[in-house]
Every structure is written in C-alpha cells, then in structure tokens.
Amino acid sequence: ETGVTQTPRHLVMGMTNKKSLKCEQHLGHNAMYWYKQSAKKPLELMFVYSLEERVENNSVPSRFSPECPNSSHLFLHLHTLQPEDSALYLCASSQVLRDRAHEQYFGPGTRLTVT
Amino acid sequence: KNQVEQSPQSLIILEGKNCTLQCNYTVSPFSNLRWYKQDTGRGPVSLTIMTFSENTKSNGRYTATLDADTKQSSLHITASQLSDSASYICVVSPGAGNKLTFGGGTRVLVKP
C-alpha cells in the first residue's frame, strides 16, 4: 500500500443518493488529484488541487463536487449520479515544485456502482 | 493532441516466459515517461520513470526502454511470475503543470 488512503473501498448508491468519497495522503505532498477509471479506457483526470486551490477542472459534470479542506485531505461529493458514472475513482498526490509535478502516488481507489 | 497508445491491449503468457509491451506517444513537450503496474481493484504503482536522456531503466525483472527520437517506449518482463498478472500503464509527462497523459494500458495474464 502507498501513503494514500481512500474510503470507502466499495460503494453502491442509487441515482438519488448523496455520498462522499474521502482521500487522505500521508506523504507531505502539496497537490492532490481525482481520476476516473472506466473499463477499457485510460485514466481520466477530473480535478487537481495544488496548494489547496483547484487548478484544474476537466469539464466534469456538476454532480461531482470536489473539496480540499487542507493539503492532506480531498473529498469528492456525489449527488444524483447516473449509471454511466460507475467506475473506479482514484485519488493521487504529488509534490509540485516550480510548476513541475513530481511522481504521483495513487490510492487504492473506490469502486463505485450506481444503480 | 497529446496521445499515448499502448499495444497489445492484452496478452496471455506462460509462467517463466518473457514478454514485451509497447508504448507510442505524441506528447510534446516531453519531460518523462513512466510505467505503472495496476493490480485488479487497486491503484497504479510506479515501476520506472525515465527522462529524455535515459534510454533504459530496470526495476528487478522489469526493464523499460525509451527512444525519444521515435517517441517509443517498451516494458520487458523477464521470467514472468503469476504475480505479474496486472495492467501495465504507460504515462507521459510534459513537465510543466500537473497534467499527465495516460495510455489505455496492457492487461497481462500469466498462466501456470
């Protein structure tokens, strides 16, 4: 396991539910990321937080809402999801120096199923 | 458009045999290329990272090569073990900024 933890590991939710995914990094990094991994598709970057500010939002639907209260914690709030949102959601962290990102360390992911 | 293409999409090999995975990229500018191993249901774990000046790097039974001129990389697995069954993902970084370009991965299944 890496120094990035994610909870829950598995989540099943209905389309009308509201849930949150949590990510915590213990590596002292200053940037955190949310990725979506669907079957047979490359990882898709959703959000990037650097120094606790959101620096990237890759045209993600508003039913996904990120929150980064501090450099160690990252949340992804979910509401009124669609079945096509079922996927593995991966959190990652890295150290960013002088606008250059070093290696990203990934958490184990949350397997989300929307029914 | 920055792209990373991996081949094959999947392969099956017998335990103890060798195999080579391919990665072609069109990312520019280029800073480094990484190979990740992702076990089923888990997050990717870094195997190797190479800058444009490095053309080979090893990590145990894994050896990665890089040809920055042709924009190609390969990952060679020697004497495969059952634990090598996983997806192998090629990732290219442009350097500045946080945005990596991911390949679709090669799913490797090692059979006894």
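Quick note: structure is the one above.
Quantities reported herein were computed from a predicted structural model and do not represent experimental measurements.

Interfaces are often sized by the amount of accessible area the parts lose when they come together. Taken residue by residue, the interface counts 19 residues in chain B and 24 residues in chain A. Interface area, chain B with chain A, both sides summed: about 1,700 Å², of which 50% is carbon and sulfur. For the interface between chain B and chain A, the tally reads four residue pairs in polar contact (both at pLDDT 80 or more). Top element by residues in the side of chain B that touches chain A is strand β4 (residues 32-38) of chain B. It accounts for three residues.

Residues and elements named next belong to chain B. Ordered by their spatial adjacency, five strands build an open sheet running β1-β3-β8-β7-β6, and the pairing between neighbours is antiparallel. Of all the strands in the sheet, the pair left with one neighbour each is β1 (4-7) and β6 (56-59). Pairwise comparison of adjacent strand axes, ignoring direction, gives a mean angle of 15 degrees for this sheet. Here β1 pairs with strand β3 (residues 19-25) via four bridges, running antiparallel. Bridging from a neighbouring strand, V4 pairs with Y25 of β3.

Let's shift gears to the sheet that holds strand β8 (residues 73-79) of chain A. Residue and element names in this part refer to chain A. Taken in spatial order, the four strands of this open sheet run β1-β3-β8-β7, and their pairing is antiparallel. Edge positions in the sheet fall to β1 (4-7) and β7 (64-70), since each has one partner strand and no second. Direction aside, the axes of adjacent strands within the sheet are offset by 20 degrees on average. Pairing geometry for strand β3 (residues 18-25) and β8, over seven bridges, is antiparallel. By the bridge assignment, K22 is partnered in β8 with F75.

Counting residues in hydrophobic clusters, the biggest one holds 24 residues, and the most contacted among them are L21, Y25, L33, W35, L75 and Y88 of chain B. Those elements giving two or more residues to this core turn out to be β2 (10-14), β3, β4, β5 (45-51), β7 (62-67), β8 (72-77), β9 (86-93) and β11 (106-111) of chain B. Those residues in contact with L33 of chain B that sit more than four places away from it in its chain are C23, Y25, T48, I49, M50, L66, S73, C90, V91 and V92 of chain B. If you look at the next biggest cluster of nonpolar residues, it comprises 22 residues, including C23, M32, V60 and A87 of chain A.

Here we take up the pairing of β5 of chain B. All names here are of chain B. Direction of pairing for β4 relative to β5: antiparallel, over a ladder of six bridges. Bridged to Y36 within β5 is S46. Taking the residues between adjacent antiparallel strands as the criterion, β4 and β5 are bridged by six residues, where G41 takes a positive phi near 75 degrees.

Rules of the game
- Residues numbered from 1 in each chain as written.
- Chains lettered and ligands numbered in written order.
- Predicted model: local features only at pLDDT ≥ 70, side-chain atom pairs only at ≥ 80, totals over all residues.
- Heavy atoms only, no water.
- Contact = heavy atoms within 4.5 Å.
- Buried area = accessible area lost by both parts, 1.4 Å probe.
- Polar contact = N/O pair within 3.5 Å; in protein donor to acceptor, adjacent residues only side chain to side chain.
- Helix = DSSP H or I, 4+ residues; strand = E, 2+ residues; numbered from the N terminus.
- Pairing = 2+ DSSP bridges.
- Axes fitted to C-alpha atoms, helices over the stretch in contact; angles between N-to-C directions.
- Core = buried A, V, L, I, M, F, W, Y, C linked by side-chain atoms within 4.5 Å.
- Buried < 20%, exposed > 50% of the residue type's maximum accessible area, 1.4 Å probe, protein only.

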